[in-house]
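In case you want the letters, here they are:
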Amino acid sequence: MQTTLSDMFARLIDTHCATLPGAVAEQPFGPDTQVWKIGGRMFAAHTRGANGVSVKCADGATAQRLIQTRKAISAPYLKRGGWVMFLWENTRPEELRWRLTDSYMIVRSGLPCERQAELPPPPPIRGRAAGA
């Protein structure tokens, strides 16, 4: 069986997200869609055979800037709340890891304080991706 770009990036996403403290993988839309959550809230999603991963941005303005500069596209099915999709073909693995961690931290910081206190400590913060 030939490994596709989608398969490679799906493994990269799932491997990275599994290292984020308290992150949980679910398949609420069926076996072809992997959703990553923290505290019961989604921070990343990808579908088998798709061409990218959807992540949460800090706000709608950041999402719009990423779309306008063609670093990302509007996330399918997630048109509100600052969601974008980073495409495999023009996103380096290092940037993708950073975007996943950033989305995780954005969603985690939006959880109620008591829920955040129940979670393991967050990962150390690393440098921002180019064009963030």
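Everything below is about the structure printed above this text.
> Can you walk me through the sheet that holds strand β4 (residues 52-56) in this structure?
One key point about sheets: their strands pair by backbone hydrogen bonds, in either a parallel or an antiparallel sense. One open sheet accounts for six strands, arranged β1-β2-β3-β4-β6-β5; its pairing is antiparallel. Of all strands in the sheet, those bounded by a partner on one side alone are β1 (24-26) and β5 (73-74). Here strand β3 (residues 41-47) runs beside β4; their pairing, made up of two bridges, is antiparallel. The residue bridging A45 from the neighbouring strand is S54, located in β4. Across the face of the sheet, helix α2 (residues 60-68) comes into contact with β5 and β6 (83-87) while running at roughly 30 degrees to β6. On the sheet, helix α3 (residues 93-109) packs against β2 (33-38), β3, β4 and β6 and is oriented at approximately 35 degrees with respect to β4.

> Looking at this model, I keep getting lost on the state of the cysteines. Mind explaining?
Two cysteines, two sulfur atoms, one covalent bond between them: this is a disulfide. Applying the stated criterion across every chain yields a total of zero disulfides. C17 forms no disulfide, and the closest cysteine sulfur to it belongs to C57, at a distance of 15 Å. C17 sits in the buried class, given a relative accessible area of 0%.

> So what exactly am I meant to see when it comes to the pattern of salt bridges here?
Pairs may arise between side chains of opposite charge once their charged atoms sit close together. As enumerated under the stated definition, the model contains six salt bridges in all. With a closest N to O distance of 3.1 Å, E94 and R92 form a salt bridge. A salt bridge links R115 to E118; its shortest N-O distance comes to 2.8 Å. Of this pair, R115 and E118 both sit in helix α4 (residues 113-118), three residues apart, which is roughly one turn of the helix. By relative accessible area, R115 is classed as partly exposed at 29%. What makes E118 exposed here is its relative accessible area of 58%. If you follow the salt bridges from partner to partner, you end up with K71, E95 and R99 in one network.

> What should I look at first to understand the nonpolar core in this one?
Taken as a class, soluble globular proteins show a tendency for nonpolar side chains to be buried jointly. By size, the foremost hydrophobic cluster in this structure holds 25 residues, and its most contacted members are I13, F43, V53, V84, L96 and L100. Within the residue set of this core, elements represented by two or more residues are α1 (5-18), β2, β3, β4, α2, β6 and α3. Ignoring sequence-local partners within four residues, the contact set of L100 consists of I13, H16, C17, L20, F43, A44, V53 and V55. Grouped together as the second largest cluster of nonpolar side chains are five residues, V35, M42, A45 and W83 included.

About the thresholds
Residues numbered from 1 in each chain as written. Predicted model: local features only at pLDDT ≥ 70, side-chain atom pairs only at ≥ 80, totals over all residues. Heavy atoms only, no water. Pairing = 2+ DSSP bridges. Helix = DSSP H or I, 4+ residues; strand = E, 2+ residues; numbered from the N terminus. Contact = heavy atoms within 4.5 Å. Axes fitted to C-alpha atoms, helices over the stretch in contact; angles between N-to-C directions. Disulfide = S-S within 2.5 Å. Buried < 20%, exposed > 50% of the residue type's maximum accessible area, 1.4 Å probe, protein only. Salt bridge = Lys/Arg side-chain N within 4 Å of Asp/Glu carboxyl O. Core = buried A, V, L, I, M, F, W, Y, C linked by side-chain atoms within 4.5 Å.

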